Structure formats: structure tokens, C-alpha cells
Protein chains: 2
Amino acid sequence: MKKLINKAEDFARETIEGIVLAHPESLKMLNENHHCVVRADEKKQGKVAIATGGGSGHLPLFLGYVGKGLADGVSVGNVFASPSAEVMHDIDKAIHAGAGVLHLYGNYGGDIMNFGMAADLAEMEDIEVTEVLGCDDVASAPKGKESKRRGVAGLLFAYKIAGAAAEDMLSLAEVTRVAQKTVDNTRTMGVALTPCIVPEAGKATFSIGEDEMEIGMGIHGEPGINRTKLKPIDEVVAEITNKILSDLSFEDGSEVSVLVNGLGGTPKEELYIAYRQVYKILQGKGIKIYRKYIGEYATSLEMAGMSVSLLRLDDELKKYIDRPCYSPFFEQSR
Amino acid sequence: MKKLINKAEDFARETIEGIVLAHPESLKMLNENHHCVVRADEKKQGKVAIATGGGSGHLPLFLGYVGKGLADGVSVGNVFASPSAEVMHDIDKAIHAGAGVLHLYGNYGGDIMNFGMAADLAEMEDIEVTEVLGCDDVASAPKGKESKRRGVAGLLFAYKIAGAAAEDMLSLAEVTRVAQKTVDNTRTMGVALTPCIVPEAGKATFSIGEDEMEIGMGIHGEPGINRTKLKPIDEVVAEITNKILSDLSFEDGSEVSVLVNGLGGTPKEELYIAYRQVYKILQGKGIKIYRKYIGEYATSLEMAGMSVSLLRLDDELKKYIDRPCYSPFFEQSR
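Residues numbered from 1 in each chain as written. Chains lettered and ligands numbered in written order. Predicted model: local features only at pLDDT ≥ 70, side-chain atom pairs only at ≥ 80, totals over all residues. Heavy atoms only, no water.

1. Details of the packing of aromatic side chains
Residue and element names in this part refer to chain B. Taken as a whole and judged by the stated rule, the model has 18 aromatic pairs over all chains. Aromatic side chains tyrosine 105 and phenylalanine 115 sit 4.0 Å apart centroid to centroid with 20° between the ring planes, which places their arrangement in the stacked category. With tyrosine 105 in strand 5 (residues 101-106) and phenylalanine 115 in helix 3 (residues 109-124), this residue pair connects regions lying ten residues apart in the sequence. Judged by its relative accessible area of 0%, tyrosine 105 is buried. Among the residues examined, phenylalanine 115 registers a relative accessible area of 1% and is labelled buried. Their ring planes at 65° and their centres at 6.2 Å tell us that phenylalanine 157 and tyrosine 293 sit as a pair that is edge-to-face. A residue pair is termed long-range when its members are at least 10 positions apart, and phenylalanine 157 in helix 4 (residues 155-167) and tyrosine 293 in strand 11 (residues 288-295) qualify at 136 residues. (Phe/Tyr/Trp six-rings, centres within 6.5 Å; stacked < 30°, edge-to-face > 60°. Helix = DSSP H or I, 4+ residues; strand = E, 2+ residues; numbered from the N terminus. Buried < 20%, exposed > 50% of the residue type's maximum accessible area, 1.4 Å probe, protein only.)

Here's what the structure looks like:
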């Protein structure tokens, strides 16, 4: 296991300590508990609060999307493990500003159970809670079973848009509607070339041949839909993009936002070669790219691979995706 | 070789094509030549122009530092190879706005030769050219032989500060002085855990044991100063930081900017664990951290490893490092 770490069991805590030391003007721990991180700036009374959370090992996901025009607090689990309902409840109480809390997170069993318990705890304290689950990974369940799909990099769009809607002082029902609409219009598929190693486990999350790749693999190493020999990236991106386009109807002249996401170990150069091919495919179909994100947005430690996400836009989503936002991990000023 | 690419010989060109397709409002090719990339916005007459350049494979270096408040044009070589004097000259002519051109780049033999020839060509066309070389890597030559040192991640500081000074309409002599002062006050040292593979070579740049790391290794795999068994990151960061601090005098109460840079394959989590230790060491010595950068700023394809850079600040450098800047790869709005 080649990692730049201290003790494996300290990995998540030391990561969060480093982040809070680096960005005290933006992020702070609650109760000196590294599982609970919230915005450091003053709460805006009457604004809908957005809580997220999930396992560590995916930076910038989830913590990196806590900031102005984004989420307000995050529950931080150990690597690839759900945080507890108790810390989720502590976050809800801390960020609630009189207008309710949206739980916005990825569609994973442990997180659903714990966020559900946290919602029950909130109800007992008269904090209204709604929930939207990212489930953008088309490789993880067939069309028609969208609610069974895993949440992956496409969550970025939901944070961006729901965060902007909340900043606009929309009601909890409206912020929830806009977040759900974003999820409903987001599709992602990825490819993995190498596994990653969870520090405490000390061994690879899966094994794969030196000349193989797996298309559709999840960000925790969940099985994909097609293990093949290495192929040129243009072929891989075409397979991914066409699968996404066949899953959601895009009309000639429709507008999309594109996210090409690196899983941690993939050079930026390769992500731009991938974007080049996405661009050509969409251009060939008359689909316009409205705003694009290329880089590491949701990772899996040092895993090599990438994913492509498309968000189908309408005027409302365009308005919110264009708004500025700021976190130490994700800044949009134009 | 596990890479998401098409043909190895197309790697650099396809990368640049993807970048220019993604960011046409910010960057454009000259003469449809992917070796020449300049700012897409209007030139500001009378502003000193800054040209940089170097081999591909280091994104965001070098191309990512072309933008507002940064450099104006970049010559792009093949992977780890210098661009030619001819493309450097084309860049100089394209970005010159009547106030001369600063060549700002890393201290490597091929680049020095080619930028030197480009400077001669510029002189024949009455374009005044000055030169500042990044040479921040303390592992690459001993104290007293600073001019022999390689330029690595610390170049970020020189782009940021020289770019801000040029945006302030300082003269060529003044922009050059400020850039040189930045270089003179910047020190970097890194550690590598794995090699990278240059696409056209198809094999690792060096070999290293499964339980080894090399401290002081260069970003092209140049030998470091100490190959050891894997050690806890706190020990590695202490060794690096103390080496830097012994190379440049820092007084109690002095202020520095910190850069913790990932080499391409290292998770952000590990970079923050490294920052945590840098913070503790500097705090222990009464050195104040004024502004910090943590992420991938100068990479070596998929190499696992990281570096720490310190810039010793004075009021003038603080003024310029604080200025906003924008490129698609490096945005500072606050």
C-alpha cells in the first residue's frame, strides 16, 4: 500500500483537521468533532439549509461542496463508510435557520438509513426535513429503475443548483423541487482502470488485469457492466456518452452541462482528451454544451479512471447553474 | 501502460484540442498550431507580456497559468520535451503589446536553449525580452548553487505575482524584478512514491520498490537525495519542510505562502494530511502562513507523490499574491 499517510485509522480525522486548519474562514468543525463540518460564516436567517454527507475518500465530494451558494453542512464518515445519524442530526440542528433542511446525498443504503433516522430526530425538534437522493449512475440499474441507481459525480450539479436556489431564499418545497429536477435530468457513467486501497483495509477494492478496464464501475469499486481489454479513449467515451444519451431523451438543439470527472489517479490531460470526444459527439447530434466542468469533482482515493455526466438544462436550471458559488474546493465566479 | 488515451503520439495535441474546445473564451491556438496557445481576450496595449512554456504532462503547469493576472501565452512541447524556439517566437510576437516580453519558465537545459534563441529572434524585431527562471527545487543542487536548481511547483508563485505586477502596468524592468524576487524567495522539495509513464515511451520513468519512496525526486523522475522505505507522512513532511527552512532564513514572525502540490496520482486527502503537518511545524517556529494553495498545481502525469513549497513574503509580494486572477485552471477571486 503506497500512501502518504500516518496511521490508517487516523486518515479521515487528519484529513479533516488539515482542511479546517487550511480554510478556517470557510469551514469549521462542530464540537471539535471531525465528523461534523459546517460553513464558518454567519447563518442567513430564513434560508433553507442544505445538509449532505457520506464516507470519506471522495474529495472534493462531499465536504468540498459546503460553501456559499452550495451546501451548509456535511457529516463525514470514515473511508467509504456512512457517518452516523447522530452527527447528521447535529449538523441539521447547527445549520437550520428557520426554513427547514434539505438532505441532499447519494443513493447508498447506509446513508439512507442514517439520514432517515436523522430526519426522525429532526421532526421531534420541529425541524422540517426533506430529502433528495443523487442516483445518476446509469450503469448501476436499468432505465425505469432510476431510483435504484447509485449517486456519483453528478451530485455536483444538484449541490450547485439547489445551493443557488436556497441562496435565492426559495422555500424548502421549492429548493427540494429544483434539486429533484436536477437529479432527474442528470446521467453519469464511468470507467475504472485501477482499484484503490482503503487505508484501514490495506488491500485493493477489486482486482483487474494489467490490460483491462471496467466500464460502468462504481466509485467504491462496485461491479460495472463491461470488463474489456484497454481500448482507445475515444471508443470508451463514445460508449459511455451514447449510453447516457439513450437513457434520457435529448432533442436536437437541447442544452446540457457536461462534467468530465477524474477518479483521483487520472491526469488532467486525459480528462481533456475525453472532453474533446464528448464535445464531438454532442456537436454531431446538435446538442449544445452550455457550461462544462473538467477535473476532479468526485474521486475514489487514487483510483485511475473517469466519468462523464450530462445534465439536461432548462431556463430555470440554467439560471441557477450560472450563479457564483464559493468553497475552498469549488469556486465559480463567472 | 494503463492510460485513457488514443494514439500515444497524439497525446499532447489532443489534450490541447480538448482544452481549447472547453475554454474558447479564455484560450486559443495561434495558427491552428497546438504548440502555441495564448489568451483569447483582447491584448491590453502597454502591458508587459509574459510568455512561458515547457513540456506537456504537467497540467496545470504550464498552460494553466495563462490568463488574466497571469501569463499571456505558452509554448507547448511534447510530453517532457521542450517546445521549439520558433513557436516561442510566434508566441512572443502574438502577445507583445508594446512593453516587452518576460520569459518566465523552469530551469531546464532544452527550454533555456530554445528561449534563448527566441530572445535573439525577438531582438531582431525590436521586441525587448527579459528572462526569469524558476529554480525552486532545493533537492536538485546545494545551497549556494541556486541557479543550478530545477524549477518545479514554486513557479506558481512567480506566475501569480509577475502576472499581477504586469496587470498593474509596471514596466518590463519592474515586472522582471518582482518575478526574480519571487523566485529568489521560493523553495520547494518533493517526494515520489511511483513513477509515471510517458505515453510515447510506454515504460516507467524510473523503477522503485513497492515499499520505497524517494525524497527530492524531480518532476520528470530526476534522482532525489534519499531513497527510503515508506515512512509516515508526518516524518516525510518534517524532513522536507526542515530542509527548506534551513535553506532560506525565516525569522520568527515572518510570513510565508505555502503550496502543497500533488504530483498527479495522489488523493487530495493526503495533501491535506501533509498541510496539517506543515502548519504545525511553521506554527512551532512562529512563522505565519499568509495564503495557502493545496491541490494539483504542477504534476507529472499520474505520478504519486507531492511537494511542499514556501514563499517568503514581504509587503510587495503580499500585495501581488492577493490580487484576483483567472484562468480555467487557476482562479483566485478573494
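Structure's up, so let's keep going.
2. Here's the deal with the domain arrangement of chain A
All names here are of chain A. Partitioning chain A into structural domains gives domain 1 (8-184) and domain 2 (186-314). Domain 1 puts 32 residues into the contact, and the matching count from domain 2 is 38 residues. When domain 1 packs against domain 2, close to 2,800 Å² is buried across both sides, 63% of that on carbon and sulfur atoms. It is Phe80, Val138 and Phe157 that lose the most area in domain 1 upon contact with domain 2, and together they represent 22% of the buried surface on that side. (Domains from an automatic or database assignment. Contact = heavy atoms within 4.5 Å. Buried area = accessible area lost by both parts, 1.4 Å probe.)

3. Comments concerning the side chain of B:Glu214
Residues and elements named next belong to chain B. The residue glutamate 214 is located in strand 8 (residues 212-215) in this model. Glutamate 214 gets classed as buried once you look at its relative accessible area, which sits at 7%. Separated by 2.6 Å, the side chain of glutamate 214 and the backbone nitrogen of glycine 224 make a polar contact. Side chain to side chain, glutamate 214 and arginine 227 meet in a polar contact 2.7 Å long. (Polar contact = N/O pair within 3.5 Å; in protein donor to acceptor, adjacent residues only side chain to side chain.)

4. Observations regarding the nonpolar core
Counting 101 residues, the largest nonpolar core has A:Leu63 and B:Met306 as the members making the most contacts within it. No other element matches helix 4 (residues 155-167) of chain A, which puts ten residues into this core. Other than its neighbours up to four places away in sequence, A:Leu63 contacts A:Ile16, A:Ile19, A:Leu27, A:Val37, A:Val74, A:Val76 and A:Phe329. Listed in part, the 100 residues of the second largest apolar core include A:Phe250, A:Leu310, B:Leu27 and B:Leu61. (Core = buried A, V, L, I, M, F, W, Y, C linked by side-chain atoms within 4.5 Å.)

5. A look at the relation of the copies chain B and chain A
The two copies are related by a screw motion: chain B maps onto chain A through a turn of 180° and a shift of 0.0 Å along the axis, at an RMSD of 0.0 Å. When the rotation and shift are considered jointly, the pair of chain copies conforms to a two-fold rotation axis. In terms of proximity to the rotation axis, the leading residue of chain B is B:Gly265, whose C-alpha is 2.1 Å off the axis. A shared binding surface is used by both copies, with 100% of the interface residues of chain B retained as interface residues in chain A. (Least-squares fit on C-alpha atoms with pLDDT ≥ 70 in both.)

6. Focus on the pairing of strand 11 of chain B
Residues and elements named next belong to chain B. Here seven bridges tie strand 10 (residues 255-262) to strand 11, and the two strands are oriented parallel to one another. Opposite valine 260, over in strand 11, you have isoleucine 294 as the bridge partner. Of the crossover connections in this fold, the one passing from strand 10 over helix 7 (residues 268-284) to the parallel strand 11 is right-handed. (Pairing = 2+ DSSP bridges. Right-handed = clockwise from strand over helix to strand, strands pointing away.)

7. Overview of the UniProt feature "domain: DhaK" (unreviewed entry) in chain A
In this numbering, the UniProt entry assigns the feature "domain: DhaK" (unreviewed entry) to residues 7-330 of chain A. Here residues 7-330 of chain A is 32% helix and 25% strand, with 29 Å between the C-alpha atoms at its ends. (UniProt positions renumbered as here; feature names shortened; annotations may be inferred.)

8. Focus on the interface of chain B and chain A
Taken residue by residue, the interface counts 58 residues in chain B and 58 residues in chain A. Between chain B and chain A lies a buried interface of about 5,100 Å² when both sides are counted; carbon and sulfur atoms form 60% of it. Where chain B packs against chain A, one counts six salt bridges. Across the pair A:Glu14 and B:Arg276 runs a salt bridge whose closest N-O atoms are separated by 3.6 Å. Scanning the region where chain B abuts chain A turns up 28 residue pairs in polar contact (both at pLDDT 80 or more). Those elements giving two or more residues to the side of chain B that touches chain A turn out to be helix 1 (11-22), strand 8, helix 6 (233-247), helix 7, strand 11, strand 12 (305-312) and strand 14 (330-332) of chain B. By residue number, the principal contributor to the side of chain B that touches chain A is helix 1 of chain B, which donates nine residues. Class assignment of the residues belonging to the side of chain B that touches chain A gives a composition of 25 nonpolar, 14 polar and 19 charged. (Salt bridge = Lys/Arg side-chain N within 4 Å of Asp/Glu carboxyl O. Nonpolar A, V, L, I, M, F, W, Y, C, P; charged D, E, K, R; others polar.)

9. Things to note about the layout of surface pockets
Quantified by volume, the largest pocket comes out at close to 1,400 Å³. Residue lining of the largest pocket: 46 residues in total, with A:Phe329, A:Glu331, B:Phe329, B:Phe330 and B:Glu331 positioned closest to the centre. Counting only elements with at least two residues in the lining of the largest pocket, the list comes to helix 7 (268-284), strand 11 (288-295), strand 13 (325-327) and strand 14 (330-332) of chain A together with helix 7, strand 11, strand 13 (325-327) and strand 14 of chain B. Here the second largest pocket is characterised by a volume of approximately 1,000 Å³. For the second largest pocket, the lining is made up of 40 residues, of which A:Thr194, A:Glu302, B:Thr194, B:Glu210 and B:Glu302 are closest to its centre. (1 Å grid on protein atoms, 1.4 Å probe; cavity = no way out; pocket = protein on both sides within 12 Å on 5 of 7 lines; lining within 4 Å. Points joined across faces, edges and corners; volume = space filled by probe spheres on them.)

10. Some thoughts on the sheet that holds strand 5 of chain B
Residues and elements named next belong to chain B. The strand order 1-2-4-3-5-6 describes an open sheet built from six strands, whose pairing is mixed. Edge positions in the sheet fall to strand 1 (27-30) and strand 6 (129-134), since each of these pairs with one other strand and no more. With strand direction ignored, the average angle separating the axes of adjacent strands in the sheet is 25°. Pairing of strand 3 (residues 49-56) with strand 4 (residues 73-79) involves five bridges; the strand directions are parallel. Residue pairing in the sheet places serine 56 in a bridge with valine 79 of strand 4. Packing against the sheet, helix 1 makes contact with strand 1, strand 2 (33-39), strand 3 and strand 4, and its axis sits at approximately 135° to strand 1. (Axes fitted to C-alpha atoms, helices over the stretch in contact; angles between N-to-C directions.)

11. Concerning helix 6 of chain B
Residue and element names in this part refer to chain B. Under the 1.5 Å per step criterion, the end-to-end length of helix 6 is 21 Å for 15 residues, consistent within 8% with the ideal 21 Å. Taken as a whole, helix 6 has its buried residues at Ile233, Val236, Val237, Ala238, Ile240, Thr241, Ile244, Leu245 and Asp247. Looking at the buried residues of helix 6, the elements they touch are strand 7 (186-192), strand 8, helix 7 and strand 12. (Expected span 1.5 Å × (residues − 1).)

12. Considering a negative patch on the surface
Residues and elements named next belong to chain A. A grouping of Asp120, Glu123, Glu125 and Asp126 is seen on the molecular surface, where their side chains present a negatively charged patch. Structurally, glutamate 123 is set in helix 3 (residues 109-124). For glutamate 123, a relative accessible area of 57% gives the class exposed. (Patch = residues over 30% accessible without salt bridge, like charges linked within 9 Å, V, L, I, M, F, W, Y side chains within 5 Å. Areas by Shrake-Rupley, 256 points an atom, 1.4 Å probe, with all protein chains shown as cover. Lys, Arg positive; Asp, Glu negative; His and termini not counted. Charge placed at Lys NZ, Arg CZ, Asp CG, Glu CD.)

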